[in-house]
Amino acid sequence: MQQKWQRWNIASRKWLWIIMVIGLIGALPVVYDRLQTEKSSKSVEFVFDYRDLVEVASYRQNPQDYINEQLDRLKAAGVQSMAIYENTLEDFRKARRLMIWGASDIANLTDTVIPENENYTYVLFTSAKNSEMLSPVIRDAFSRLDIRTEEWNYRGQQGLIIQTPLEDATLKPLQPDPITLEMLHQKGFNIVPRLVDSLAYNQDAVKKLLERYAELGVKRILFEGESVKGYSDDADTGSLTAFADLLKQHGMGIAAIENIKVQQKGFSKLAYMLDYNVTRLYSLSEADSSLKTEVIADRFALGTKDRNIRMIYLNTIPSRDTKKAAITDTMDNLIESLSGPEGAVAKIEANGFHIGQATAFDVSDSSFQRYFKLIAVIGAVAMVALLFSYFIPWLTLPVWVLGLVGSAGLLILKPTLFEQALALAVAISAPTLAIVLAIRKINEMGPPLRANPLTFAVMSPRRRLTHSLVLYVKTALITFSAVPFVIALLNNITYALVLNQFRGVSLLHLAPIGLTALYVLLYRGEFAFNKTGKLLRTPITLAMVIAAGVIGIVGMYYLSRTGNAGSVSAPEKILRVFLENTVGVRPRNKEFLLAHPLFILGAFLAYKYRSAAFIMIIAVIGQLSMVDTFAHIHSPVLISLVRGLLGLGLGLIIGIIAVGIWQIAEGCWKRWSPLLKKL
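What this report covers is the structure whose coordinates are included nearby. Since we're looking at a predicted model, the values are computed, not measured.

Another aspect to go through is the overall build of the protein. In terms of regular secondary structure, the protein is built from 28 helices and 14 strands. Looking at the protein as a whole, 49% of its 679 residues qualify as buried. Accessible area for the protein stands at about 33300 Å²; split by element, carbon and sulfur atoms hold 61% of it.

This part is about the environment of Ser81. Mapping Ser81 onto the fold places it in strand β2 (residues 81–85). Contacts of Ser81, omitting those with residues within four sequence positions, involve Glu45, Phe46, Val47, Phe48, Phe189, Asn190 and Val192.

What follows covers helix α22 (residues 505–522). The first and last C-alpha atoms of α22 sit 26 Å apart over 18 residues, in line with the 26 Å expected at 1.5 Å per residue. Three or more residues of α22 are buried, namely Leu508, His509, Ala511, Pro512, Ile513, Thr516, Ala517, Tyr519, Val520 and Leu522.

Here four strands make up an open sheet; going across it, the order is β3-β4-β6-β5 and the pairing antiparallel. The outermost strands of the open sheet, each flanked by one partner alone, are β3 (98–101) and β5 (149–154). When strand polarity is set aside, the average angle formed by the axes of neighbouring strands in this sheet is 25°. With six bridges joining them, β5 and strand β6 (residues 157–162) adopt antiparallel strand pairing. Along β6, the bridge assignment pairs Glu151 with Leu160.

In this section: the environment of Trp400. Locating Trp400 in the fold gives a position in helix α17 (residues 396–413). For the pair Trp400 and Val384, spaced 16 residues apart in sequence, the C-alpha to C-alpha distance is 7.9 Å.

If you walk through the whole model with that rule in mind, you get 12 aromatic pairs. Judged by centre distance (6.3 Å) and plane angle (80°), the rings of Trp101 and Trp152 are edge-to-face. You can see Trp101 sitting in strand β3 and its partner Trp152 sitting in strand β5, a full 51 residues away along the chain. You'll find Trp101 and Trp152 in the same group, each marked buried. An aromatic cluster is defined as three or more aromatic residues linked by ring pairs; in this entry it consists of Trp101, Tyr122, Trp152 and Tyr154. Over the face of the ring belonging to Tyr390 we find Arg13, whose NZ or CZ atom lies 4.1 Å from the ring centre.

Tracing the chain through its elements places Arg97 in the loop between α4 (89–94) and β3. Arg97 has contacts with Phe92, Phe125, Thr126, Asn130, Leu134, Asp177, Ile179 and Thr180, leaving out every residue within four places of it along the chain.

The next subject is a nonpolar patch on the surface. A cluster of nonpolar side chains, contributed by Trp15, Ile18, Ile22 and Ile375, occupies part of the molecular surface with about 400 Å² of accessible area. Top element by residues in the nonpolar patch is helix α1 (residues 2–38). It accounts for three residues. By secondary structure assignment, the location of Ile22 is in helix α1. For Ile22, a relative accessible area of 49% puts it in the partly exposed group.

Bringing the nonpolar core into the picture now. Grouped together as the largest cluster of nonpolar side chains are 79 residues, with contacts concentrated most on Leu422, Val426, Phe502, Phe599 and Met616. Tallying contributions element by element places helix α18 (residues 415–445) first for this core, with 14 residues. Beyond its immediate chain neighbours, meaning those up to four positions away, Phe502 contacts Gln420, Ala423, Leu424, Ala427, Leu490, Tyr495, Leu508 and Ala631. Listed in part, the 69 residues of the second largest apolar core include Leu210, Leu247, Ile335 and Ile493.

With that settled, the discussion passes to the pattern of salt bridges. Inspection of the entire model under this criterion finds 25 salt bridges. The partner of Asp140 in a salt bridge is Arg144, and the shortest N-O contact between them spans 2.4 Å. Taken as a pair, Asp140 and Arg144 lie in helix α6 (residues 128–144) at a separation of four residues, close to a single helical turn. Here Lys347 makes a salt bridge to Asp298, at a shortest N to O gap of 2.4 Å. With Lys347 in helix α15 (residues 344–350) and Asp298 in helix α13 (residues 293–306), the pair connects residues that are 49 residues apart, well separated along the chain. Judged by relative accessible area, Lys347 falls into the buried class, the value being 19%. Three or more residues joined by partner-sharing salt bridges are found here, namely Arg51, Asp91 and Glu224.

Leaving glycine aside, a negative phi is the common case for residues, and trans is the common case for peptide bonds. The backbone of Asp111 sits at a positive phi, close to 60°, despite the residue not being glycine. With respect to the helices, strands and loops of the structure, Asp111 is situated in the loop between α5 (103–110) and β4 (121–125). Among the residues examined, Asp111 registers a relative accessible area of 71% and is labelled exposed.

Turning our eyes to something else, we now look at the packing of α13 against helix α14 (residues 331–338). Contact geometry for α13 and α14: axes closest at 8 Å, N-to-C directions at 55°. Taken together, α13 and α14 sit at an angle that is classed as oblique. Note on packing geometry: the crossing formed by α13 with α14 is right-handed. Residues Thr293, Ile296, Ala297 and Phe300 of α13 touch α14, and the partners they reach there are Asn333, Glu336, Ser337 and Leu338. When the residues that make up the contact of α13 with α14 are grouped by side-chain class, the tally is four nonpolar, three polar and one charged.

Before going further, it helps to spend a moment on the packing of helix α19 (residues 461–480) against helix α26 (residues 589–606). The N-to-C vectors of α19 and α26 enclose an angle of 135°; their axes lie 8 Å apart at closest approach. By the criterion of interaxial angle, the relationship of α19 to α26 is oblique. In this structure, α19 meets α26 at a crossing whose hand is right-handed. Contacts between α19 and α26 involve Pro461, Arg464, Leu465, Ser468, Leu469, Leu471, Tyr472 and Thr475 on the former and, on the latter, His596, Phe599, Ile600, Ala603, Phe604 and Leu605.

What follows concerns the pairing of strand β7 (residues 190–195). Taken across its six residues, β7 has five buried, putting it largely inside the fold. For β2 and β7, the ladder comprises five bridges, and the chain directions are parallel. Bridge pairing in β7 places Tyr85 opposite Arg194. Relative to strand β8 (residues 220–223), β7 runs parallel, the two sharing two bridges. Paired with Leu195 across the bridge in β8 is Phe223.

With that settled, consider α5. Those residues of α5 not exposed but buried are Ala103, Ile106 and Ala107. Projected down its long axis, α5 carries its buried residues within an arc of 105°, all on one side. Buried residues in α5 make contact with β3, β4 and β5.

Here Gln369 is to be found in helix α16 (residues 369–389). Polar side-chain contacts of Gln369 include one of 3.1 Å to the side chain of Asn491. Sequence-distant contacts of Gln369, that is, excluding residues within four places in its chain, are made with Val30, Asp33, Ser364 and Asn491.

The rules behind each value
Residues numbered from 1 in each chain as written. Predicted model: local features only at pLDDT ≥ 70, side-chain atom pairs only at ≥ 80, totals over all residues. Heavy atoms only, no water. Helix = DSSP H or I, 4+ residues; strand = E, 2+ residues; numbered from the N terminus. Buried < 20%, exposed > 50% of the residue type's maximum accessible area, 1.4 Å probe, protein only. Areas by Shrake-Rupley, 256 points an atom, 1.4 Å probe, with all protein chains shown as cover. Contact = heavy atoms within 4.5 Å. Expected span 1.5 Å × (residues − 1). Pairing = 2+ DSSP bridges. Axes fitted to C-alpha atoms, helices over the stretch in contact; angles between N-to-C directions. Phe/Tyr/Trp six-rings, centres within 6.5 Å; stacked < 30°, edge-to-face > 60°. Lys NZ or Arg CZ within 6 Å of the ring centre and 35° of its normal. Patch = residues over 30% accessible without salt bridge, like charges linked within 9 Å, V, L, I, M, F, W, Y side chains within 5 Å. Salt bridge = Lys/Arg side-chain N within 4 Å of Asp/Glu carboxyl O. Core = buried A, V, L, I, M, F, W, Y, C linked by side-chain atoms within 4.5 Å. Parallel < 35°, antiparallel > 145°, perpendicular 65-115°, else oblique. Left-handed = near helix turned anticlockwise from the far one by under 90°. Nonpolar A, V, L, I, M, F, W, Y, C, P; charged D, E, K, R; others polar. Arc of directions from axis to C-beta. Polar contact = N/O pair within 3.5 Å; in protein donor to acceptor, adjacent residues only side chain to side chain.

Shape descriptors only; they carry no functional weight alone.
See the structure below:
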């Protein structure tokens, strides 16, 4: 009975392959929808932080002239938008709209005694126009906080007394400077407001603010701080829903900032209520604004092309330059990085984008997509069962059945967990399965377990190379079969916007290596359990301990290179930039410089030397890396495909060169080793 069960499970492989292919075909329409979605947003918007510009101008002899000059330069360089904050009294002071004092300062100024029981803030406007425009803004803001204000005059200038300490008054957010808004609008800049959630949500005030923004053509909102507008009061008042309704009413969306440590609280919920009217934003920090212009330009071009970035946020900062004995800034550097034939604007347009207000992706979701996804799920489970069949054959059918039942349960109870878990399982299964089948083919055509060198006929080098190249292509095709499944399972706009992320990257980078090592060690000739017993009885030597330590260090370094936080050496950066500028897309270095050439060389050697199959343990890195590229859902599918194919092509060339070098070295060794032995 046991043998019959084993035969059934092994015989089921061909049906699982058929089911997998059907699932693969079913996933293709979902891939097409993904491609259509990615084509729907081609506008890139440059946004400059206006508060930074005011800060820099405050160190100039003529601040207003400097601001006007830089605005014209930024406009000419391709910056279309200005980020405007909810101002504070300190912002108005830096903009020279008003002056502010505390109780002790005003006593010194007016040559009077400081009041014993009054600690107020004194505001003096610098012009009648500033008083006319800003006095209502300040009065309205503080009255909503139940803080009284009263008129005040000093030497003919109009002012206000705010009945709260200076330290408290300067913390309160106010509506943006109406004078600045009007000036920027007249200069042709789009306005990108930055809202805070520091005070209790006031629907009437927010409604009035958004109505004014709508008049100025505002289409997208940014948030400042740890949470989005309305989040703090949402549990008690439903303020986030009310805020979302106002945004939808005015056709306004929001922006997701790339690589912030923690997503702003309430952002995902607000994005959902806005039907994902969201664009991805890359912010160039104040420190990075001093990088070389070509580095900045390449960073912007790469972000828009490879990571679906549609808004680029520019910051600057004043700094003390002791060599020049002056206060400097990075305005010239930023403008130069945008301008000219090698600037960011030209590079972005050369990649097929245009400069304009950023728009959200128009999600393509065909009516039959859910049915195609279901077919893809069945095919994905078949692929996982196939991997089990080559390690534990008698579990093939149980894994297949339990996989379908478990998928159905998770799909109903926790759909997000289901799609991520199955996508991870497929991403691990495909490269491992591809390498396992390659090793089995090598075992079939290469030297047997105990080959007699007198009777075993080794293939010619040309034939070994031909078989290696054919195997290289077949293995890559099997690995690529995981891609439609991963795309279909994770085809959700939340992944493209990185509001949700593919989990298990470290496991994806380790599991295929471990499984390949297990197969090479235990599944090449003798029964696996027999080998396991021998391994467990093998004495541990110092060499084994040292080897384990080296493997551990290499493994830690390898894991440190995975994910978005991986570090890159200076020579690799140079190579990446060269490939980006030469072919437009850079393949992964570990694929074409290491893993793919080792696959070709390892297969070539394994057809002659049985132990060379151990090289496949490293070669699997290239296969899993190709799948991992597509698991970065925020990267366009076509870019990922070109990257993978380019890596295979370059790896093929380097691999053939490596085989040639080996043949020369082997020939030299055969010729000269007898002479060396005589010495």
